[in-house]
Amino acid sequence: MGRPNGGILTIYIDCVSPYSWYGFTNTLRFRNLLIAHGVSVEILPFFLGGARDSVGNPYSPTPTWKEAFASQDSKVTGEILGLKIVPPKIFPISSLFPVRVATWIKDNYPSEKFEATFEALVRGYWSKGINVSTPEGVIEALDGIFPVEEIKGIMQKALTPENKKRVIDLTTSTKAFGAPWIVAVNGDGEKKEYFGNDRWDQVFYHLGVPYTPTSIIPPHGVKSKL
Amino acid sequence: MGGHIDCYMDCSSFYSVIATRYILQNREALASHDVTVDFIPVFLGGINVGSGNKPPWTLPAKANYGQFDIERAKKYHGVENINPAPFFPPLTLRPQRALCYIKATYPQAVFEQAWQELMKLLWTPPWANITISEVLHTELTNLNLFSVKEVDEIVAAAESKEWKDKLLANTQKALDLGAFGAPWFWVRNTEGKEEPFFGSDRFHFMWEFLGLPWQDIKLLPKGPKTRANL
C-alpha cells in the first residue's frame with residue numbers, strides 16, 4: 001500500500017461556529033486514515049471573532065435572502081454527520097472566554113481531553129443551548145469532562161496574560177476569515193489554506209492521499225443488464 | 001542539548017497508559033531540546049517473572065493503596081474515563097506482538113497511533129478484548145489505519161515465531177537493563193550517559209538527568225489571590 005511522504009493537516013476551530021463542529025467531527029473521522037497515509041493531524045482552537053476582525057471581515061448577521069438556505073445547510077450538514085443542531089436562542093455570543101479555556105486545556109492536557117472539551121463546548125452551545133460565553137455556561141457544558149473545582153482552576157489560568165497571548169498568537173497565525181480554517185501542507189512542503197467544512201476533496205487532492213470523490217452508487221443489477 | 005528516551009511499555013499497564021500520554025503531550029517540548037522518544041513493546045508479565053517481581057495488585061496492601069493512587073493519578077492527568085476492563089488483567093502477548101510487527105513495518109506515526117488506540121481499547125469503556133485474535137482483527141480493521149489485507153498480515157504476525165521472538169527479545173532487553181515493571185525508561189543524556197527510570201511519576205528526575213529546564217511543583221501560601229496568581 002502506497003504511503004505518501006508526509007504532510008500536515010491543521011484545522012482551526014471555534015465553538016461559536018457550527019461549521020467548526022462539522023469540520024472537527026470530520027477531522028476525527030479522517031484522522032487515522034490520514035495518519036495511515038503519512039499525514040499528521042493537528043486540531044487547534046482559535047478565536048473566530050478576532051480572526052475575522054483582524055482580516056477586515058467582521059461578523060455580520062445573515063442577510064434575509066440567505067436565511068432559509070443557511071438554516072437548511074446547517075441542519076442537513078449536521079444530520080449527515082449525526083449531529084443535532086438546535087439554533088441557540090442567544091446568537092451570536094462572544095466565544096473569547098471559552099476559547100481561552102479550550103486553549104489552556106489544549107496546552108496543558110492530553111489531546112483527548114482538549115477534544116472532549118471542544119466537543120462539549122460546541123455541543124453545549126449548538127445542541128443544548130448553553131450560553132458558553134460565561135463561566136457558568138462553561139461549567140455547565142463541561143460537566144462530566146472536568147470536576148467543577150478543576151474547571152474553576154482552569155478558568156482562572158485561562159485568564160493569565162500568557163494564555164491570552166497564546167490565543168492571540170494562534171488566532172493570528174493564519175489569514176483565516178472564517179471557521180473552520182484548514183491549513184494543509186503536502187509532502188513536498190506546499191501549503192494551501194481552505195475555508196469551511198466543504199473543501200475536503202480539495203484538501204485530500206492537495207495532500208495526495210487517495211480518496212473517493214462524491215459519487216452515486218448504481219442500483220443493484222443495473223450494470224449486468226446494460 | 002540532545003538525548004533520547006526509550007519507553008518500554010505494555011498496553012496492559014495502567015501507568016504505561018498514563019506515561020504514554022504524558023510523554024506524547026511533552027514530545028514537542030522534548031523535540032525542541034533535541035530529545036527523541038521511542039516506544040518499545042514489551043510483555044509486562046515476562047518482566048515481572050524475569051525480575052522476580054509480581055503485579056502490585058497481587059499484594060493485598062499494594063492493592064488497597066493502588067485504589068487511592070490510581071484515582072489520584074487519573075484526576076491529576078485528567079483521564080477519569082480510564083478504567084480496567086471487565087476482563088482485566090488482559091494477557092497482552094498477542095497485541096504486544098502485533099505492535100512489534102507494526103513498529104517494524106509501518107511509519108512511526110502509524111505505529112504510535114495504533115499503540116494509543118490499542119491502549120484505549122483496553123482501558124476505556126466499552127472496551128474490546130483485543131487479546132482474542134478475532135477481536136484484534138475486527139478492532140484493527142475499525143481503526144482505519146490499515147487495509148484489510150494489512151490487518152490479516154498483522155494478526156498472522158502476532159501468531160508467528162518471528163514476532164513471538166521479537167517480543168521476547170524486547171522484554172529480555174528491558175530485563176537486561178534492570179526493568180522490574182512498566183513503564184520502564186532507558187534514557188541517554190547529552191554526554192552519552194545512560195540511566196533507567198521507572199514509573200509515571202519520575203519525569204522531573206528524567207528532565208533533570210537530560211539537563212532540560214523544568215519547573216518544580218510548589219506549594220503556595222494561603223492568600224485570597226493565590227489561585228489567580230497561577
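Here the structure is a predicted model, which means the values were calculated and not measured.

About the thresholds
- Residues numbered from 1 in each chain as written.
- Chains lettered and ligands numbered in written order.
- Predicted model: local features only at pLDDT ≥ 70, side-chain atom pairs only at ≥ 80, totals over all residues.
- Heavy atoms only, no water.
- Helix = DSSP H or I, 4+ residues; strand = E, 2+ residues; numbered from the N terminus.
- Rg over C-alpha atoms; globule rule 2.2 N^0.38 Å.
- Buried < 20%, exposed > 50% of the residue type's maximum accessible area, 1.4 Å probe, protein only.
- Contact = heavy atoms within 4.5 Å.
- Areas by Shrake-Rupley, 256 points an atom, 1.4 Å probe, with all protein chains shown as cover.
- Lys, Arg positive; Asp, Glu negative; His and termini not counted.
- Charge placed at Lys NZ, Arg CZ, Asp CG, Glu CD.
- Pairing = 2+ DSSP bridges.
- Axes fitted to C-alpha atoms, helices over the stretch in contact; angles between N-to-C directions.
- Arc of directions from axis to C-beta.
- Core = buried A, V, L, I, M, F, W, Y, C linked by side-chain atoms within 4.5 Å.
- Parallel < 35°, antiparallel > 145°, perpendicular 65-115°, else oblique.
- Nonpolar A, V, L, I, M, F, W, Y, C, P; charged D, E, K, R; others polar.
- Buried area = accessible area lost by both parts, 1.4 Å probe.
- Salt bridge = Lys/Arg side-chain N within 4 Å of Asp/Glu carboxyl O.
- Polar contact = N/O pair within 3.5 Å; in protein donor to acceptor, adjacent residues only side chain to side chain.
- pLDDT = per-residue confidence, 0-100.

The next subject is the overall build of chain A. Broken down by element type, chain A carries 10 helices and four strands. Starting at the N terminus and walking to the C terminus, you meet the elements of chain A as β-α-β-α-α-α-α-α-α-α-β-β-α-α. Since a compact globule built from 226 residues should have a radius of gyration of about 17 Å, the 19 Å found for chain A is in line with a globular shape. Structurally, chain A occupies a C-alpha span of about 65 × 40 × 40 Å along its principal axes. Going through the 226 residues of chain A one by one, you find that 48% of them count as buried. The long-range share in chain A, meaning contacts at least 24 apart out of those at least 6 apart in sequence, stands at 70%. Working note: accessible area of chain A is about 11600 Å², and carbon and sulfur atoms make up 57% of it. Between the averaged position of the 24 positive side-chain charges in chain A and that of its 22 negative side-chain charges there is a distance of 4 Å.

With that settled, consider the overall build of chain B. What chain B contains, in helices and strands, is 10 helices and four strands. Written out in order from the N terminus, the α and β elements of chain B read β-α-α-β-α-α-α-α-α-α-α-β-β-α. Projected onto its principal axes, the C-alpha coordinates of chain B cover approximately 60 × 40 × 40 Å. Counting all 230 residues of chain B, 46% fall into the buried class. Considering only residue pairs separated by 6 or more positions, chain B has 69% of its internal contacts joining residues 24 or more positions apart. When the accessible surface of chain B is totalled, it reaches about 11800 Å², and 58% of it is carbon and sulfur. Here chain B contributes 23 positive and 25 negative side-chain charges, whose respective centroids are spaced 8 Å apart.

Residues and elements named next belong to chain A. Taken in spatial order, the four strands line up as β2-β1-β3-β4 in an open sheet, and their pairing is mixed. Each of the sheet's edge strands pairs with one partner strand only, and the pair in question is β2 (40-45) and β4 (191-195). On average, each strand axis in the sheet is tilted by 15° relative to the strand beside it, whichever way the strands run. Inspection of the sheet shows strand β1 (residues 7-13) paired to β2 by six bridges, in the parallel sense. Paired with Ile 11 across the strands is Ile 43, a residue of β2.

Residue and element names in this part refer to chain A. For helix α9 (residues 200-207), the set of buried residues is Trp 200, Val 203, Phe 204, His 206 and Leu 207. One side of α9 carries all its buried residues, which in axial view fall inside an arc of 160°. Looking at the buried positions of α9, the neighbouring elements they touch are β1, α1 (18-36), β3 (181-186) and β4. In the stretch just after α9, Gly 208 is the one whose phi turns positive, near 75°.

The nonpolar side chains of a soluble globular protein tend to be buried, and buried together. Leu 9, Leu 34, Val 101, Leu 142 and Val 203 of chain A are the most contacted members of the largest nonpolar core, which totals 59 residues. No other element matches the seven residues that helix α5 (residues 111-126) of chain A contributes to this core. With near-sequence residues (within four places) excluded, Val 203 of chain A lies in contact with Leu 9, Ile 182, Ala 184 and Tyr 194 of chain A. Counting 57 residues, the second largest nonpolar core, distinct from the first, contains Ile 35 of chain A together with Ile 5, Ala 73 and Leu 145 of chain B.

Turning to the packing of helix α4 (residues 96-108) of chain A against helix α7 (residues 148-158) of chain A, a few remarks are in order. All names here are of chain A. Between α4 and α7, the least distance of the axes is 9 Å, while the angle of their chain directions is 100°. Viewed along their axes, α4 and α7 adopt a mutual orientation that is roughly perpendicular. Contacts between α4 and α7 involve Phe 97, Arg 100, Val 101, Trp 104 and Ile 105 from the first element and Ile 154, Met 155, Lys 157 and Ala 158 from the second. Looking at the contact of α4 with α7, its residues break down into seven nonpolar, no polar and two charged.

Reports often express the size of an interface as the amount of accessible area lost when the parts come together. Contacts between the two partners involve 24 residues from chain B and, on the opposite side, 22 residues from chain A. Across the chain B/chain A interface, buried area totals approximately 1800 Å², and carbon plus sulfur atoms make up 47% of it. Put simply, chain B and chain A have two salt bridges between them. The salt bridge involving Arg 21 of chain B is made with Glu 112 of chain A; its shortest N-O contact spans 3.2 Å. At the junction of chain B with chain A, the criterion picks out seven residue pairs in polar contact (both at pLDDT 80 or more). Of the residues assigned to the side of chain B that touches chain A, the class counts are 10 nonpolar, six polar and eight charged.

The next subject is the confidence of the model for chain B. Scored by pLDDT, chain B has a mean of 94; 97% of the residues are at 70 or more. At the level of chain-chain contacts, confidence expressed as ipTM amounts to 0.72, with global pTM at 0.83.

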